[in-house]
Amino acid sequence: MGAFTENNTLVLVFARSAQAEMEHKPIAQGASLFDALTEQTLKTAQKTGLDVVHLNETLQLGATFGEKFTNALERFFALGYQQIIAVGNDAPELKKHHILTALKRLDKKNMVVGPDKDGGCYLLGIHTEQFCAAKFRQLPWQTARTAAALMRLASEQGSSVFQLARLLDINTTKDLYRYVSVVKKASGQLLAAILLILRPKPSRNPYVEQLVTIPHGSIPFNKGSPRM
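Just so we're clear, the structure is a prediction, and the values are computed from it rather than from any experiment. (Residues numbered from 1 in each chain as written. Predicted model: local features only at pLDDT ≥ 70, side-chain atom pairs only at ≥ 80, totals over all residues. Heavy atoms only, no water.)

Novice: Any details on the confidence of the model for the protein? Residues and values, ideally.
Specialist: Residues of the protein with pLDDT of at least 70 account for 84%, and the chain-wide mean is 86. Considering only residues more than four positions removed or in separate chains, one finds that residues 212-228, a stretch of pLDDT under 50, has 47 contacts. (pLDDT = per-residue confidence, 0-100. Contact = heavy atoms within 4.5 Å.)

So, in structure tokens, the structure goes:
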């Protein structure tokens, strides 16, 4: 038996530090961006009132992503949590209602998957009775097949899957352009980090000048051009 926990659901923010992210994602001057994304994700998770834990690479155990993520789930189920809602830090469109919807839909027979627009997964809600460490380690994590593989595994185990809205994830500079073209506003910290990347000093790209502006006395994004 695991230790007693008053709240049976944990929100696990599974995200590397900015320095580690820069080693894996081709975004120049991305340190402040990754810090801002992690900070925004943590604040979003904390708004739910659920227990929240952030595991960066120094607290992740294993050689591959599959091993690290599976070991993390195993560790917190052993502590007594019955349900875990795991999120990364690269989906800036993630809101409190996504996590609370996952909480509402999650149970012994219902897994929750939040697919991103590249076929990956920005959120996974899983009950302890659905968790099989051996199978989880072998899934094609961090690929365009992740979401589909999770849904297939749930079906094989006799569980249904509730699918959240498909969101954009940030892996490249091109993704940042896609994000600012559809978002209506962003936090000051995230906005400043994006501007540092998309609007170098001074910008010689008229597209960026039109796309990202800072109106006097406010910090929202302009609506910008249609999705790229």
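Novice: Describe in detail the pattern of salt bridges, supporting the description with residues and values.
Specialist: In this structure the tally under the stated criterion is 7 salt bridges. One salt bridge in this structure joins Glu74 and Arg137, with 3.3 Å as the shortest N-O distance. With Glu74 in helix α3 (residues 65-78) and Arg137 in helix α5 (residues 133-137), this pair connects stretches of sequence that are 63 residues apart. Given the relative accessible area of 37%, Glu74 is considered partly exposed. Residue Arg137 is classed as partly exposed on the basis of its relative accessible area of 30%. A single network of salt bridges, built from pairs that share partners, joins Arg16, Glu21, Lys25 and Asp90. (Salt bridge = Lys/Arg side-chain N within 4 Å of Asp/Glu carboxyl O. Helix = DSSP H or I, 4+ residues; strand = E, 2+ residues; numbered from the N terminus. Buried < 20%, exposed > 50% of the residue type's maximum accessible area, 1.4 Å probe, protein only.)

Novice: Explain the nonpolar core residue by residue, including any values.
Specialist: Grouped burial of nonpolar side chains is what soluble globular proteins tend to show. Counting residues in hydrophobic clusters, the biggest one holds 26 residues, and the most contacted among them are Leu12, Phe69, Leu73, Leu124 and Phe136. Looking at this core, the elements with two or more residues in it are β1 (9-14), α3, β3 (83-87), β4 (110-115), β5 (121-127), α5 and α6 (146-156). Counting 19 residues, the second largest nonpolar core, distinct from the first, contains Ile27, Phe34, Leu176 and Tyr177. (Core = buried A, V, L, I, M, F, W, Y, C linked by side-chain atoms within 4.5 Å.)

Novice: Describe the packing of aromatic side chains, with residues and values.
Specialist: Per the stated rule, a full pass over the model turns up 8 aromatic pairs. Seen from their ring centres, Phe77 and Phe131 are 5.4 Å apart, and the 45° between their planes marks the pair as tilted. Here the residue Phe77 occupies a position in helix α3, and Phe131 occupies one in the loop between β5 and α5, the gap between them amounting to 54 residues. Judged by its relative accessible area of 10%, Phe77 falls in the buried class. A residue is classified by how much of its surface remains accessible, and Phe131, at 17% relative accessible area, is buried. Ring pairs connect the aromatic residues Phe14, Phe65, Phe69, Phe77, Phe131, Phe136 and Trp141, which therefore count as one cluster. (Phe/Tyr/Trp six-rings, centres within 6.5 Å; stacked < 30°, edge-to-face > 60°.)

Novice: Kindly report on unusual backbone geometry, identifying the contributing residues and their values.
Specialist: Phi angles above zero are rare outside glycine, and Gln29 is one such case at about 55°. Mapped onto the fold, Gln29 is located in the loop between α1 (18-24) and α2 (31-46). Using a relative accessible area of 48% as the deciding quantity, one classes Gln29 as partly exposed. Here the phi dihedral of Gln142 falls at roughly 55°; this positive angle occurs in a residue that is not glycine. Within the element layout of this structure, Gln142 appears in the loop between α5 and α6.

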